[in-house]
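# A look at the structure
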Protein chains: 2
Amino acid sequence: MPTNKKKTQVTASPERRRELLATAAEVFAAQGYNATTVRRIADEAGLLAGSLYYHFDSKESMLDEILSTFLNELWEGYDAVLAAGLGPRETIEALVTESFREIDRHRAAVAIYQKESRHLAALSRFGYLTESQQKFEKAWLGTLERGVAAGAFRTDLDIRLTYRFVRDTVWVAASWYRPGGGHSPEEIARQYLSMVLDGIAVRE
Amino acid sequence: MPTNKKKTQVTASPERRRELLATAAEVFAAQGYNATTVRRIADEAGLLAGSLYYHFDSKESMLDEILSTFLNELWEGYDAVLAAGLGPRETIEALVTESFREIDRHRAAVAIYQKESRHLAALSRFGYLTESQQKFEKAWLGTLERGVAAGAFRTDLDIRLTYRFVRDTVWVAASWYRPGGGHSPEEIARQYLSMVLDGIAVRE
DNA sequence: TAACCTACCAAACACTTGTTAGGGAAGGAT
DNA sequence: ATCCTTCCCTAACAAGTGTTTGGTAGGTTA
């Protein structure tokens, strides 16, 4: 026998899995996870509800795979940035740019993450969400603190407020961003960084 | 007979209604509307599921009342600001401050609004959500354009991107804000405005 | 040809959901 | 003492939920 697989799904082509997960992610993002029925996903994918269980253990495991795949890719990019040894301002710029690239690639997953991660974190299966969020906070807050110490960022701001500000401004973009909509991720990142770093008011 | 009331709920004290709506809003905000069962709300309020239908027509009408009450109060404040004839920068400052006050007063409703408004807007019953959103965009975008024309705001930014940026930075605060948590709404508004207007970077 | 594997369907299962109907206890008004 | 109003409970309903079981068409392999 080959290497032990999951219980239900004995054999399956990875391509078909990805297809189904993509449509599932789209529906989850549009309707919300709980409001989405397994039959709706099947409809959208062109098969019947029960047939999904040939590919996946459960509705929850679909969500799990969508989110963990996204987070893994995200941290690949983040870790590369954090390991590059850049200065605080350049690190922030690189993190923001990388974030918008991830939104471009995984906008459905990001939207789901934002809507559901809070109450999903309560389930032990999704414990990695809390881990990721802590690692995230450590990276961003640490960089901001480095920047304040190095004189790159203002000292008169509450640093935790600043952190939440920067974090939120980046990720809520997933709620309105549509790929191929005039602005490239890099272009959006540039404008966002310009606003966050220098403000929208005219200098005297 | 007294003035005609709704179908089911013949008589009821407005105070009790508000109590129940408050706990319902809290649960909706924490778990999401669809993930919240009517039994869970009843549990939290200390009565049984069926008893809620003495006070309300349906689960949906609870949500409706929560959101419309919030939006009515919000527009009371906004309209006052917009009618004051302030300059663009002062208008933005006043709108942001007012927004944080509303988050302070209706944080549960705001959280619900953010999570659910997108797909609720599809239902004709919640058509006022779309109306409100359009009015909202008109007010903010208009003020920003006025500011650009008057030389108060930068001209090199995409104005719609700026609008979404300012809008989102304000309202996502509802996801982490907790009343009585050190910062007053006015204090948070001051810091947010400082970041949005002048940026977080140190000036040369 | 026969055996096998992949990917699906058809039909049902147990359970949860929002909602309703009828009743009753407490208390004020008559 | 009787009635009425307010507020809740008990008990059930029908529809919709995620999931399972057994079967099967069509291609690949032996």
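Conventions we followed
Residues numbered from 1 in each chain as written. Chains lettered and ligands numbered in written order. Predicted model: local features only at pLDDT ≥ 70, side-chain atom pairs only at ≥ 80, totals over all residues. Heavy atoms only, no water. Helix = DSSP H or I, 4+ residues; strand = E, 2+ residues; numbered from the N terminus. Expected span 1.5 Å × (residues − 1). Buried < 20%, exposed > 50% of the residue type's maximum accessible area, 1.4 Å probe, protein only. Salt bridge = Lys/Arg side-chain N within 4 Å of Asp/Glu carboxyl O. 1 Å grid on protein atoms, 1.4 Å probe; cavity = no way out; pocket = protein on both sides within 12 Å on 5 of 7 lines; lining within 4 Å. Points joined across faces, edges and corners; volume = space filled by probe spheres on them. Nonpolar A, V, L, I, M, F, W, Y, C, P; charged D, E, K, R; others polar. Least-squares fit on C-alpha atoms with pLDDT ≥ 70 in both. Contact = heavy atoms within 4.5 Å. Domains from an automatic or database assignment. Buried area = accessible area lost by both parts, 1.4 Å probe. Polar contact = N/O pair within 3.5 Å; in protein donor to acceptor, adjacent residues only side chain to side chain.

Another aspect to go through is helix α8 (residues 159–171) of chain A. All names here are of chain A. For α8, spanning 13 residues, the distance from its first C-alpha to its last is 18 Å, which sits close to the expected 18 Å at 1.5 Å a residue. Within α8, 11 of the 13 residues are buried, leaving the element largely enclosed by the surrounding structure. If you check which residues of α8 are buried, you get Leu 161, Thr 162, Tyr 163, Arg 164, Phe 165, Val 166, Arg 167, Asp 168, Thr 169, Val 170 and Trp 171.

Next up on the list: the pattern of salt bridges. Taken as a whole, this structure holds 34 salt bridges over all chains when the rule is applied. Note that Arg 89 of chain A is salt-bridged to Glu 93 of chain A, the shortest N-O span being 3.3 Å. With Arg 89 of chain A and Glu 93 of chain A both in helix α5 (residues 88–105), this residue pair falls 4 residues apart, about one helical turn. Between Glu 60 of chain B and Arg 125 of chain B there is a salt bridge, with the nearest N and O atoms lying 3.2 Å from each other. Separated by 65 residues along the polypeptide, Glu 60 of chain B in helix α4 (residues 59–82) and Arg 125 of chain B in the loop between α6 (107–120) and α7 (127–149) bring together distant segments of the chain. Residue class for Arg 125 of chain B comes out partly exposed when judged on its relative accessible area of 35%. One connected set of salt bridges, linked through shared partners, spans Glu 60, Asp 64 and Arg 125 of chain A.

Moving on, we come to empty space enclosed by the protein. Counted according to the given criterion, the structure contains 3 cavities of 30 Å³ or more. What the largest cavity holds in volume is close to 130 Å³. Where the lining of the largest cavity is concerned, the elements lending two or more residues are α6 (107–120) of chain A together with α6 of chain B. Quantified by volume, the second largest cavity comes out at close to 50 Å³. In terms of lining residues, the second largest cavity is bounded by Ile 200 of chain A together with Val 148, Phe 153, Arg 154, Leu 157, Ile 159 and Thr 162 of chain B. Partitioning the lining of the second largest cavity into residue classes produces 5 nonpolar, 1 polar and 1 charged.

With that out of the way, let us pick up the relation of the copies chain A and chain B. Note on the identical chains: chain A maps onto chain B by a rotation of 180 degrees and an axial translation of 0.0 Å, with an RMSD of 0.0 Å. Interpreted geometrically, this transformation is the action of a two-fold axis. The position closest to the rotation axis in chain A is occupied by the C-alpha of Gly 199 of chain A, lying 1.9 Å away. Counting the interface residues of chain A, we find that 100% of their copies in chain B are interface residues as well, pointing to one common contact surface.

A few words now on the domain arrangement of chain A. Residues and elements named next belong to chain A. Each assigned domain of chain A is listed with its residue range as follows: domain 1 (8–57) and domain 2 (59–198). Computed over C-alpha atoms only, the centres of domain 1 and domain 2 are separated by 27 Å. The interface is formed by 17 residues belonging to domain 1 together with 14 residues belonging to domain 2. Of all residues in domain 1, Leu 21, Phe 28 and Tyr 33 give up the largest surface area on contact with domain 2, accounting jointly for 39% of the area buried on that side. There are 2 salt bridges connecting domain 1 and domain 2. Where domain 1 meets domain 2, there are 7 residue pairs in polar contact (both at pLDDT 80 or more). Elements with a contribution of two residues or more to the side of domain 1 that touches domain 2: α1 (14–31) and α3 (52–55). The element that contributes the greatest number of residues to the side of domain 1 that touches domain 2 is α1, accounting for 8 residues. Class assignment for the residues of the side of domain 1 that touches domain 2 results in 11 nonpolar, 3 polar and 3 charged.

With that settled, the discussion passes to the layout of surface pockets. Residues and elements named next belong to chain A. Its boundaries defined by the atoms lining it, the second largest pocket holds a volume of some 370 Å³. Forming the boundary of the second largest pocket are 17 residues, of which Arg 18, Leu 21, Ala 22, Thr 69 and His 106 lie nearest the centre. For the lining of the second largest pocket, the secondary-structure elements that each account for two or more residues are α1, α4 (59–82), α5 and α6. Classifying every residue of the lining of the second largest pocket by side-chain character gives 8 nonpolar, 2 polar and 7 charged.

All right, on to the interface of chain A and chain B then. It is common to give the size of an interface as the accessible area that goes away when the parts come together. The partner chain B presents 42 residues to the 42 residues of chain A that form the contact. For the chain A and chain B pair, buried surface summed over both sides reaches about 4,000 Å², with 62% attributable to carbon and sulfur atoms. For chain A, the biggest contributors to the area lost against chain B are Leu 161, Phe 165 and Ile 200 of chain A; these three give 18% of the whole. For the pair chain A and chain B, the interface holds 0 salt bridges. Put simply, chain A and chain B have 22 residue pairs in polar contact (both at pLDDT 80 or more) between them. Mapped onto the side of chain A that touches chain B, the elements with two or more residues apiece are α1, α6, α8 and α9 (185–198) of chain A.

Another point: the side chain of His 119 of chain A. Structurally, His 119 of chain A can be placed in helix α6. Given a relative accessible area of 18%, His 119 of chain A falls into the buried group. Of note is the side chain of His 119 of chain A, whose polar atom sits 3.1 Å from the side chain of Glu 116 of chain A. In contact with His 119 of chain A, not counting residues within four places along its chain, are Asn 34 of chain A together with Ala 30 and Gln 31 of chain B.

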